[in-house]
Amino acid sequence: MKHYTILIMSLILSACGGGGEGSTSTKAESTTVAQTPTTNTPPPETTPPDTSVETETMAELTIAPEFDLSSKMELNIDVDLNMGDSRAYLNICLKGDDNKADYNQCLLRAPLKQSKLTSTVMLANSALELVAEVWFYDAQSEPLRFEWQYDGEQSAVFTIR
């Protein structure tokens, strides 16, 4: 039994280190781990998008003096075919896709007296091209055709000669 006790004690001592040459004392080494200081950086400030829109009022608008904000204009019709007493009829209509008068959008329909007519029609700004057709009651089968196009003038004249 005495041998077993010595054997166990020697195993315990050899297992616990015993390692170094000539030195049996154990050093308690302390290792310090350098910690990097942590700083709490605030998240970058985000600026909210600029949602303010400068509103303009009617008082801030600048309009050329010659612009009257009107969506319509007056067109003077002046017809003088110098054909005497020929009976004729005038149609003034918007220009259609086939460059002929669109009879569904006529502005003036009137007979000519002594092949003359003077009249006035109001046009919307969308009526930029017109076609006038003069139909004769007798021999001519094809009408006389005249075209007018808006040129930017406020008061315009559609002259048919």
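Residues numbered from 1 in each chain as written. Predicted model: local features only at pLDDT ≥ 70, side-chain atom pairs only at ≥ 80, totals over all residues. Heavy atoms only, no water.

J.: Just checking my understanding: could you explain the pattern of salt bridges for this structure?
T.: Where charged atoms from two side chains of opposite charge come close, those side chains can pair. Summed over all chains, the structure comprises four salt bridges. Of the charged contacts in the structure, one is a salt bridge between Glu 147 and Lys 95, with a shortest N-O distance of 3.2 Å. Pair noted here: Glu 147 is in strand β6 (residues 144-149) and Lys 95 is in strand β2 (residues 88-95), with a separation of 52 residues, a long-range link. Look at Glu 147 and you get partly exposed, because its relative accessible area is 49%. A relative accessible area of 23% places Lys 95 in the partly exposed class. (Salt bridge = Lys/Arg side-chain N within 4 Å of Asp/Glu carboxyl O. Helix = DSSP H or I, 4+ residues; strand = E, 2+ residues; numbered from the N terminus. Buried < 20%, exposed > 50% of the residue type's maximum accessible area, 1.4 Å probe, protein only.)

J.: What exactly am I supposed to notice about the packing of aromatic side chains here?
T.: Aromatic rings considered in pairs are described by the distance between their centres and by the relative angle of their planes. If you walk through the whole model with that rule in mind, you get one aromatic pair. On the basis of an interplanar angle of 35 degrees and a centroid distance of 6.4 Å, the ring pair of Trp 148 and Phe 158 is categorised as tilted. Taken together, the residues Trp 148 in strand β6 and Phe 158 in strand β7 (residues 156-160) connect sequence positions ten residues apart. For the pair Trp 148 and Phe 158, a shared accessibility class is recorded, and that class is buried. (Phe/Tyr/Trp six-rings, centres within 6.5 Å; stacked < 30°, edge-to-face > 60°.)

J.: Sorry, what's going on with the side chain of Ser 115 here?
T.: With respect to the secondary-structure elements, Ser 115 resides in the loop between β3 (101-112) and β4 (116-124). Engagement of the side chain of Ser 115 in a polar contact is seen with the backbone nitrogen of Met 83, the distance being 3.1 Å. The residues touching Ser 115, leaving out its near neighbours within four places in the chain, are Val 79, Asp 80, Leu 81, Asn 82, Met 83, Gly 84 and Ser 86. (Polar contact = N/O pair within 3.5 Å; in protein donor to acceptor, adjacent residues only side chain to side chain. Contact = heavy atoms within 4.5 Å.)

J.: Looking at this model, I keep getting lost on a nonpolar patch on the surface. Mind explaining?
T.: A grouping of Met 58, Leu 61, Ile 63, Phe 67 and Leu 69 is seen on the molecular surface, where their side chains present a nonpolar patch of about 530 Å² in accessible area. Along the chain, the position of Ile 63 falls in the loop between α1 (2-15) and β1 (72-80). (Patch = residues over 30% accessible without salt bridge, like charges linked within 9 Å, V, L, I, M, F, W, Y side chains within 5 Å. Areas by Shrake-Rupley, 256 points an atom, 1.4 Å probe, with all protein chains shown as cover.)

J.: Looking at this structure, I do not really get the sheet that holds β3. What am I missing?
T.: Adjacent strands of a sheet form backbone hydrogen bonds with each other and so pair up, either parallel or antiparallel. Spatial strand order, β3-β2-β5-β6: four strands in an open sheet with antiparallel pairing. In the strand order of this sheet, the two ends are held by β3 and β6, each with one partner. Averaged over all pairs of adjacent strands, the angle between strand axes in this sheet comes to 25 degrees, irrespective of strand direction. Pairing of strand β5 (residues 129-136) with β6, which is carried by six bridges, proceeds in the antiparallel orientation. Counted as the bridge partner of Ala 132 is Phe 146 from β6. (Pairing = 2+ DSSP bridges. Axes fitted to C-alpha atoms, helices over the stretch in contact; angles between N-to-C directions.)

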